[in-house]
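Below, each chain spelled out in residue letters.
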Amino acid sequence: MIKQAIIPLAGLGTRLLPLTSVFAKELLPINGKPGIEYIIDECIDAGVNEIIFIISKKKRMIKKYFYNDKFYKSLIKNKKDPRIIREYKKILKYKKKIKFVYQNKPLGTGDAVLKTKKFITNNYFLMLLPDDLIMKKNCSKDMIKLHKKYKASVMASMTVKKNNVNRWGIYSLSKKIDKNNFVISDVIEKPSSKEAPSNNAVIGRYILSKHIFKFLKKQKKGKGGEIHITDSIKTMIENKFPFIGHKFSGKYLDCGSMKGYIKSTIEISKL
Ligand code: G1P
């Protein structure tokens, strides 16, 4: 059973400057709702009951957002606005499920995951990257189904343009399981188009086993001087841990870049 999810939120969001100079990118509105709420809703709908947020001192406003129930309560006391009551109930529901851990130095996704080690109680857990929104179909739910069936780790995948592979982690595919799923034989973080073994990119949904922590502890810095989760996954695959790639069918929105962020509001408003 996958009951725990982790979400790295300590990133600086430089691609969204100036919007992120004082504001957390994950709280920026996407069609009238903070981006992070889409991610939380996906987790809850997939059956997750504990969500671990990895934040930094600079991103404390994220904690404040989810701990602001007293403010809502005081508003409701004087004015029984049904919309505010709904928002209040929603915040309370989220607050019950969220735990916070800190990553104060932006050393990479791998380092962020390592910070959650002592909180992970199950053998497998879900990780979602908040820049990657997947709408219309719950990707986490579909991946959990696959995990149950194959008892393997699962990662989301999408085909990208060949000249754009250096923006993503890229998979090597060993065999097809069916139309939407394949066995992963290797993964490389942001390869050049020459190095890239395919144009199947890693998208930010991962079902990982607790064993990843052993590998992360020993993980050396990779591309850009960061500790990448992709590099530890690569070592796990070399050590015969099974990983499945899932070509999700929902609509992908890249909220981490300015162009993608703007587009995401337009796209979601059309759904
Ligand atoms: C991260 C991962 C990368 C993956 C991408 C998906 O990169 O390191 O492997 O393809 O997320 O969004 P980032 O977006 O943090 O540069």
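Caption draft 1: Representation of the overall build of the protein chain within the structure. Across its full length, the protein chain carries nine helices and 13 strands. The C-alpha radius of gyration computed for the protein chain amounts to 19 Å, which stays within 12% of the reference 18 Å derived for 271 residues, consistent with globular compactness. Across its three principal axes, the protein chain shows a C-alpha extent of roughly 60 × 40 × 35 Å. Relative to its full complement of 271 residues, the protein chain shows a buried share of 51%. Long-range contacts, defined as pairs at least 24 residues apart, comprise 76% of the intrachain contacts of the protein chain with a sequence gap of at least 6. Carbon and sulfur atoms make up 54% of the accessible area of the protein chain, which totals about 13800 Å². When the 58 positive and 22 negative side-chain charges of the protein chain are each reduced to one mean point, those points stand 4 Å apart.

Caption draft 2: Highlighting the site of the ligand. Around the ligand, the surrounding shell consists of L129, D132, R167, W168, G169, E189, K190, V202, Y206 and T230. Bound to the protein, the ligand loses 85% of the 380 Å² it would expose on its own. Considered class by class, the residues forming the shell around the ligand number four nonpolar, two polar and four charged.

Caption draft 3: Representation of helix 9 (residues 258-270) in the model. Across its 13 residues, helix 9 extends 19 Å between first and last C-alpha, which sits within 8% of the 18 Å expected from 1.5 Å per residue. Against strand 2 (29-30), helix 1 (35-45), strand 7 (132-135) and strand 13 (251-254) lie the buried residues of helix 9.

Caption draft 4: Structural detail: the pattern of salt bridges. Applying the stated rule across the entire model yields 19 salt bridges. Linking R15 and D131 is a salt bridge whose minimum nitrogen-to-oxygen distance equals 3.5 Å. In this pair, R15 is assigned in the loop between strand 1 (4-8) and strand 2 and D131 in the loop between strand 6 (124-128) and strand 7, connecting sequence segments 116 residues apart. Given the relative accessible area of 40%, R15 is considered partly exposed.

Caption draft 5: Structural view of the pairing of strand 6. For strand 6, the tally of buried residues reaches four of five residues, placing the bulk of the element in the interior. Relative to strand 6, strand 1 runs parallel, the two sharing two bridges. Its bridge partner lying in strand 6, I6 is registered against M127. The pairing of strand 6 with strand 11 (residues 200-209) spans five bridges and is classified as antiparallel. By the bridge assignment for strand 11, M127 is matched with Y206.

Caption draft 6: Representation of the state of the cysteines within the structure. Scanning the model with the defined rule gives zero disulfides in all. Between C139, a cysteine without a disulfide, and C43, which holds the nearest cysteine sulfur, the sulfur-to-sulfur distance is 11 Å. Taking relative accessible area as the criterion, C139 reaches 1% and is therefore assigned buried. Left unpaired, C255 is separated from the closest cysteine sulfur, that of C139, by 14 Å. For C255, a relative accessible area of 7% translates into the label buried.

Caption draft 7: Layout of the packing of aromatic side chains. The final tally for this structure, using the stated rule, is 11 aromatic pairs. Between the aromatic rings of F66 and Y94, the centroid separation amounts to 5.9 Å while the plane-to-plane angle is 70°, which identifies the pairing as edge-to-face. In this pair, F66 sits in helix 2 (residues 60-66) while Y94 sits in helix 4 (residues 82-97), placing the two residues 28 residues apart along the sequence. The class of Y94 is buried, set by a relative accessible area of 0%.

Caption draft 8: A look at the nonpolar core. Core analysis: the biggest nonpolar cluster contains 57 residues, and I36, F53, I62, F66 and L133 have the highest contact counts within it. Among the elements that line this core, the one with the most residues is helix 1, at five residues. Leaving out residues up to four positions away in the same chain, F53 has contacts with I7, L9, I36, I40, I62, F66, I98, K99, F100 and V101. By size, the runner-up hydrophobic cluster in this structure holds 27 residues, among which are M155, I184, V187 and F243.

Caption draft 9: Up close: the side chain of N181. Turning to its location among the elements, N181 is positioned in strand 10 (residues 181-189). Among the polar contacts made by the side chain of N181, one reaches the side chain of D178 at a distance of 2.9 Å. At 2.8 Å, the side chain of N181 forms a polar contact with the side chain of H246. Setting aside residues up to four positions removed in sequence, N181 forms contacts with L146, K176, I244, G245, H246 and K247.

Caption draft 10: Up close: helix 1. Among the 11 residues of helix 1, eight are classified as buried, and the element is accordingly described as predominantly covered. Among the residues making up helix 1, those that are buried are G35, I36, E37, Y38, I39, I40, E42 and C43. Phi turns positive one or two residues past the end of helix 1, at G47, with a value near 95°.

Calculation criteria
Residues numbered from 1 in each chain as written. Predicted model: local features only at pLDDT ≥ 70, side-chain atom pairs only at ≥ 80, totals over all residues. Heavy atoms only, no water. Helix = DSSP H or I, 4+ residues; strand = E, 2+ residues; numbered from the N terminus. Rg over C-alpha atoms; globule rule 2.2 N^0.38 Å. Buried < 20%, exposed > 50% of the residue type's maximum accessible area, 1.4 Å probe, protein only. Contact = heavy atoms within 4.5 Å. Areas by Shrake-Rupley, 256 points an atom, 1.4 Å probe, with all protein chains shown as cover. Lys, Arg positive; Asp, Glu negative; His and termini not counted. Charge placed at Lys NZ, Arg CZ, Asp CG, Glu CD. Near = heavy atom within 4 Å. Nonpolar A, V, L, I, M, F, W, Y, C, P; charged D, E, K, R; others polar. Expected span 1.5 Å × (residues − 1). Salt bridge = Lys/Arg side-chain N within 4 Å of Asp/Glu carboxyl O. Pairing = 2+ DSSP bridges. Disulfide = S-S within 2.5 Å. Phe/Tyr/Trp six-rings, centres within 6.5 Å; stacked < 30°, edge-to-face > 60°. Core = buried A, V, L, I, M, F, W, Y, C linked by side-chain atoms within 4.5 Å. Polar contact = N/O pair within 3.5 Å; in protein donor to acceptor, adjacent residues only side chain to side chain.

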